[in-house]
There are 2 protein chains.
Amino acid sequence: MMADRGRKRVVIENVRPEINGGFFPIKRVVGEKVIVTADIFGDGHDSISARLLYKRQGDKGWQDVPMKFIENDRWMGQFIVEELGPYLYAIEGWVDQFRTWQKDLKKKFEAGQDIRVDVLVGIEHLEKSVKKTSKNDRKKLLEYINILRKETDIEKTVTFILGKEIGKLMDRYPDKGMATRYEKELVVVVDRDKAVFSTWYELFPRSCPSRSGEHGTFRDCETIIPEIARMGFDVLYLPPIHPIGKTKRKGKNNLPQADPADVGSPWAIGSDEGGHKAVHPELGTIEDFERLVAKAGEHGIEVAVDLAFQCSPDHPYVKKHPEWFRWRPDGTVQYAENPPKKYEDIFPLNFETEHWPELWEELKSVVLCWIGKGVRIFRVDNPHTKAFPFWEWLIKEIKRDYPEVIFLAEAFTRPKVMYYLAKLGFTQSYTYFTWRNTKREFMEYLTELMKTEVREYFRPNFWPNTPDILPEQLQYGGRSAFTIRLALAATLSSSYGIYGPAFELCVNDAVPGKEEYLHSEKYELKHWDWDAPGNLRDFIARVNRIRRENPALQIPWILKFYEVDNDYLLFYAKATEDFSNIILVVVNLDPYHTQSGWLKVPIHELGIDPDQPYLVHDLLSDDKYIWQGERNYVELNPHVLPANILRVRKRLKRETDFDYFM
Amino acid sequence: MMADRGRKRVVIENVRPEINGGFFPIKRVVGEKVIVTADIFGDGHDSISARLLYKRQGDKGWQDVPMKFIENDRWMGQFIVEELGPYLYAIEGWVDQFRTWQKDLKKKFEAGQDIRVDVLVGIEHLEKSVKKTSKNDRKKLLEYINILRKETDIEKTVTFILGKEIGKLMDRYPDKGMATRYEKELVVVVDRDKAVFSTWYELFPRSCPSRSGEHGTFRDCETIIPEIARMGFDVLYLPPIHPIGKTKRKGKNNLPQADPADVGSPWAIGSDEGGHKAVHPELGTIEDFERLVAKAGEHGIEVAVDLAFQCSPDHPYVKKHPEWFRWRPDGTVQYAENPPKKYEDIFPLNFETEHWPELWEELKSVVLCWIGKGVRIFRVDNPHTKAFPFWEWLIKEIKRDYPEVIFLAEAFTRPKVMYYLAKLGFTQSYTYFTWRNTKREFMEYLTELMKTEVREYFRPNFWPNTPDILPEQLQYGGRSAFTIRLALAATLSSSYGIYGPAFELCVNDAVPGKEEYLHSEKYELKHWDWDAPGNLRDFIARVNRIRRENPALQIPWILKFYEVDNDYLLFYAKATEDFSNIILVVVNLDPYHTQSGWLKVPIHELGIDPDQPYLVHDLLSDDKYIWQGERNYVELNPHVLPANILRVRKRLKRETDFDYFM
């Protein structure tokens, strides 16, 4: 028979959050709350007590908070994570003999039963606790026992023994000898704020306005940093900055043959000039890169680099580590392919190699190399085409020493794979936002992201475009389609990004029948006219300023959709937990026509008096409206402004509503 | 770095069924199917193969079946459990290099690409397998390699190498060197048929028509066995048959004081005449009991006894094992109470005693004692007031040697506790059916029981009444309420039971304002008039015969509700997996009035031609109807027959529909 397990009468099950049975951590940022619920119950009718335990991983002792009974044997507790790095949480529950006794005594007394023996039982409980108490409490406890022994008026005895004072004291010394400890310790990975609130700008540095000639450089890049900052971005993501392969280099528009003048795809990494730890000579030097990182930092911008773990045929690894590639019977290396498509300018690394431990270490050293240059954010190219165990290991290894590092997964793949990569440790992920267009699609997708277990480990980053994707709605919807997609990305998700300047210049020429850019910047230099008429720079700057100034837009998962009687209008609210900042957003999803409708404003949920007017301030247009009650009218001309981003200017006194956020 | 984990590219997660992360088994009966699903995927675009492994626990080798891809990375496999006792199942998945190669070759060939090197890669795959093959297969494989080496016509080569023959051979020798094995082995407990299909009759043997005097005996009981069998019951459950305590014995109607003539509650177990291993002298001897068991067996009836682990103050345990009880400061034993209710005739066992291992062993010996007398079914009294770890241990211990034993939990308690007891191992459980009355309540509750994970471990047993519960609808609905409740219990659930003869005699006198029998048989002898006019014996016999003759009614969880335009009518279908037996049931939930309505018969799901008539045979009334299409009329007078139990007499050729049963 098993140790003392037989006497443990309390069950703890169905603990949430718990990802894959506790195999993977949940995610939070510093200062965020972890709400833990569980079914906790014992046999019979005895009272149960339960505590939520938590600590930083590696700490010796646990901190704890009492859990509260909700209903139907469900309990809840919460704590706040205050530092970077992993935390643990666990649960403990026990039959609370003293509280059971108090509860029963009260019932018996009220039913007029003889409770003299029960009082003696209570004294026994107190006596058992004497040994455990602090000096002060011991003195009190002995006093209580004395009073109870002497008191002859049973009514007085009961009033005294059921009093709060004794209960509180006894709560400090629970008899947990037979407590049940939940069989798992669960992990929370704690990131910094930027993990949930970030605004990304993707830029090919070689296309920066160049002072010295054709090919932009890191130095050229520095000159546009102030404008990127003015637009309100805080992450500048650069596609691979490494030497570009020459063998099988792709020509313009992805032609299999390159002209001698063609610059090639930056994702074909490595040449005789170096591999993943080198920079492309035409961009400048490592020192130039470090200068750029510093300069960006002065403007509140972090530089993110691309981790594209693949090689051009000229990459030094190919010669030095042939064992990391897959060789074909004709003595050539297997290039990347997704038949019938061929990517002959790229050799994938073979994660099935027997020499995987050396390969993993080398790739880790690449990440450490860029960390050494000041980089703390990595955008990871196609993580779903590399072995899963590698990512889990790599991210854990890096974050052990650098818990502030952020990894964004370019996981444009099937849903389960996308979510699995997040479980493995990726801080943020690209999403299907890029292809969601209708009201129903947004409501369903955002509900999945924000209102299910997914939100515990998957942090969306919404991109209206990327160098690989010019979605149909941007191809056909004109300038207003770009403003609509930006407003949606920036207000539905606390992290979003654009690939610029193609975005703000509303570039919409696609390869016919595809969602790809014609004359894609991936294969050629661009000389963008940043000041072209109709550009969206001021609009973007305004939206991003609204994001910065309104904490409701910086929280990823507090989002709720509400009714509006027009299917082209999407209406949702974001709010801080204390309701001090409430933003109502209405977006016209139709890029062609003015749409109008009647909103059903959730005044009851927001604590607004139905009989009093309230002010809403459209932060986009700066218009102010006096509304009253639930039904209010909106009209949006997408050629002027496609959205209202309304701040509710009502002083609310409502407490946090648990249900509202669940 | 971890062993060879780094090369394992396949992920297996979200395995169903898996109860509490695999901590508890699922349940099946011999011959039943286990359908296992899981998310299985790898990185990249390679083909995946997966197998479902299973074996009897303790067997050395695994059997396996291929799993099939369904959609969205979900896979499915199934096996049939063929013997009593525990089985294990597990999953294995791997990147299938050969199938990947075949798939890619086909695409490349169809795109007109040069595939000569690819053919060489294929030959390498074949060569790698040569070592692993059987003698016969080796010969074939070497032939294939030879043909491929010599063949110069690329089209012929491709046709040959993509042929089924090679694929099948290679499937027999998968390269599982880097296969991922799901981290858990999950358990199925396999019971005998009666675990899911059983028809219970609860009877106080002391109230059997007595030849010798007042108090019925086991011998008297024998005389009514044939009638219980005629009514179609296959389990005869006897409330505790042990010596009844004398101290604090309850009088009639649960009076605190008994008259000297009062017989007391059989649940106050133990006296100077013995405890849980003895029989009450007035019922007869142990030998009489064994005779009754044998006699019942001749009529296809199993005798179930009650495990009520509690003691009267006179139980031998109290003296012999005072350490198994909770003592109060006044030197008395704590009796059972749920304040302010007191049960002074009953001492609960203290499962928190330090001597729990001895207590557990003793209680196990009680079960073994009755197994020794031929009992294989136990109804367990109030399992939710005894420690959970005890039940888990006890049931496992008993079923290790006697896998045919059935434990029915009288778990009339909160939902999570009720389900938890089922997880711990109880074979069947009482349910909330007793208090479900409206169409919506039935649909919601049955959906929870039959269409959620609950069905994997919880087997309902529906009781319209028990000696403890005379529900309101039986108190007020007259005879038709009894026929309605019986029809519902018998057709909604494959296991059900009644407490008789109070049920078939439509006894409906309650303690005012309570759901308890007035003059309850729990506290007094009854001399029932089995032949009283209006008794339901023939009705019950008919319903039970229909259950025996129709396999659809013997399967617990194949049940679906359908539309009918009257809220007093409940319409549902049960069917065998192969659709060879389809039963449509319509029940009038209103015991007072005739109700009629139009059904929407699921002809499409059932494979019935909408343009052809079909015959439905009401097995209750023996009426036959020719129906056509979806909409058909029914009318039910509860004073005649409250239900149609319609067998669809249509020869169907439909295959099992996976979705239909999920």
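Small disclaimer: the values here were computed from a predicted structure and weren't measured.

## Some thoughts on the overall build of chain A
Right, on to step 1. Looking only at helices and strands, chain A features 16 helices and 29 strands.
Right, on to step 2. Counting only C-alpha atoms and orienting by the principal axes, one finds that chain A spans roughly 105 × 65 × 45 Å.
Right, on to step 3. Across the 662 residues of chain A, 60% fall into the buried class.
Right, on to step 4. Long-range pairs, those at least 24 residues apart, make up 75% of the contacts in chain A with a sequence separation of at least 6.
Right, on to step 5. Of the roughly 27,000 Å² that chain A leaves accessible, carbon and sulfur atoms contribute 50%.

## Re the sheet that holds strand E29 (residues 643-648) of chain B
The strands making up a sheet are joined through hydrogen bonds of the backbone, oriented either antiparallel or parallel.
Residues and elements named next belong to chain B.
Right, on to step 1. Here we have 6 strands laid out as an open sheet, ordered E22-E23-E24-E29-E26-E27, and antiparallel in their pairing. Edge positions in the sheet fall to strand E22 (559-561) and strand E27 (624-628), since each has one partner strand and no second. The average undirected angle you get between the axes of adjacent strands in this sheet is 30°.
Right, on to step 2. Pairing of strand E24 (residues 582-588) with E29, which is carried by 5 bridges, proceeds in the antiparallel orientation.

## With respect to the domain arrangement of chain A
Right, on to step 1. By the assigned domains, chain A splits into domain 1 (2-190) and domain 2 (554-661).
Right, on to step 2. In this structure, domain 1 of chain A and domain 2 of chain A have C-alpha centres spaced 43 Å apart.

## Some words on the environment of Gly478(A)
Right, on to step 1. Structurally, Gly478(A) can be placed in helix H14 (residues 478-492).
Right, on to step 2. Separated by 227 residues in the primary sequence, Gly478(A) and Gly251(A) place their C-alpha atoms 29 Å from one another.

## A short note on the interface of chain B and chain A
Right, on to step 1. Counting from both sides, the interface comprises 65 residues of chain B and, opposite them, 65 residues of chain A.
Right, on to step 2. For the pair chain B and chain A, the summed buried area comes to about 6,000 Å², and 57% of that belongs to carbon and sulfur atoms.
Right, on to step 3. Where chain B packs against chain A, one counts 12 salt bridges.
Right, on to step 4. At the surface where chain B touches chain A, the tally comes to 24 residue pairs in polar contact (both at pLDDT 80 or more).
Right, on to step 5. Class assignment for the residues of the side of chain B that touches chain A results in 25 nonpolar, 12 polar and 28 charged.

## Notes on the pattern of salt bridges
Right, on to step 1. Scanning the entire structure with this criterion turns up 105 salt bridges over all chains.
Right, on to step 2. A salt bridge links Asp118(A) to Lys108(A); its shortest N-O distance comes to 2.6 Å. In this pair, Asp118(A) sits in helix H2 (residues 116-130) while Lys108(A) sits in helix H1 (residues 97-110), placing the two residues 10 residues apart along the sequence.
Right, on to step 3. A residue is classified by how much of its surface remains accessible, and Asp118(A), at 7% relative accessible area, is buried.
Right, on to step 4. Of the residues examined, Lys108(A) reaches a relative accessible area of 3% and is grouped as buried.
Right, on to step 5. Between Asp272(B) and Lys246(B) there is a salt bridge; the shortest N-O distance is 3.1 Å. Taken as a pair, Asp272(B) in the loop between strand E12 (235-238) and helix H7 (286-298) and Lys246(B) in the loop between E12 and H7 lie far apart in primary sequence, 26 residues in all.
Right, on to step 6. Overall, the relative accessible area of 67% leaves Asp272(B) in the exposed class.
Right, on to step 7. Connected via shared salt-bridge partners are Arg9(A), Asp43(A), Asp46(A), Arg326(B) and Glu352(B).

## Some points on the side chain of Glu18(B)
All names here are of chain B.
Right, on to step 1. On the secondary structure map, Glu-18 appears in the loop between strand E1 (10-16) and strand E2 (26-29).
Right, on to step 2. Residue classification places Glu-18 among the buried residues on the basis of a relative accessible area of 11%.
Right, on to step 3. A polar contact is formed between the side chain of Glu-18 and the side chain of Tyr-182, at a distance of 2.4 Å.
Right, on to step 4. In this structure Glu-18 touches Tyr-89, Tyr-182, Lys-184, Leu-186 and Glu-453, once residues within four positions along its chain are discounted.

## Some thoughts on the relation of the copies chain B and chain A
Right, on to step 1. Take chain B, turn it by 180°, move it 0.1 Å along the axis, and it overlays chain A with an RMSD of 0.1 Å. Given the turn and translation reported, the copies of this chain are related as if by a two-fold rotation axis. Relative to the rotation axis, the closest C-alpha in chain B is found at Gly21(B), a distance of 2.9 Å.
Right, on to step 2. Take the interface residues of chain B: 100% of them recur as interface residues in chain A, which is what a same-surface contact looks like.

Rules and cut-offs
- Residues numbered from 1 in each chain as written.
- Chains lettered and ligands numbered in written order.
- Predicted model: local features only at pLDDT ≥ 70, side-chain atom pairs only at ≥ 80, totals over all residues.
- Heavy atoms only, no water.
- Helix = DSSP H or I, 4+ residues; strand = E, 2+ residues; numbered from the N terminus.
- Buried < 20%, exposed > 50% of the residue type's maximum accessible area, 1.4 Å probe, protein only.
- Contact = heavy atoms within 4.5 Å.
- Areas by Shrake-Rupley, 256 points an atom, 1.4 Å probe, with all protein chains shown as cover.
- Pairing = 2+ DSSP bridges.
- Axes fitted to C-alpha atoms, helices over the stretch in contact; angles between N-to-C directions.
- Domains from an automatic or database assignment.
- Buried area = accessible area lost by both parts, 1.4 Å probe.
- Salt bridge = Lys/Arg side-chain N within 4 Å of Asp/Glu carboxyl O.
- Polar contact = N/O pair within 3.5 Å; in protein donor to acceptor, adjacent residues only side chain to side chain.
- Nonpolar A, V, L, I, M, F, W, Y, C, P; charged D, E, K, R; others polar.
- Least-squares fit on C-alpha atoms with pLDDT ≥ 70 in both.

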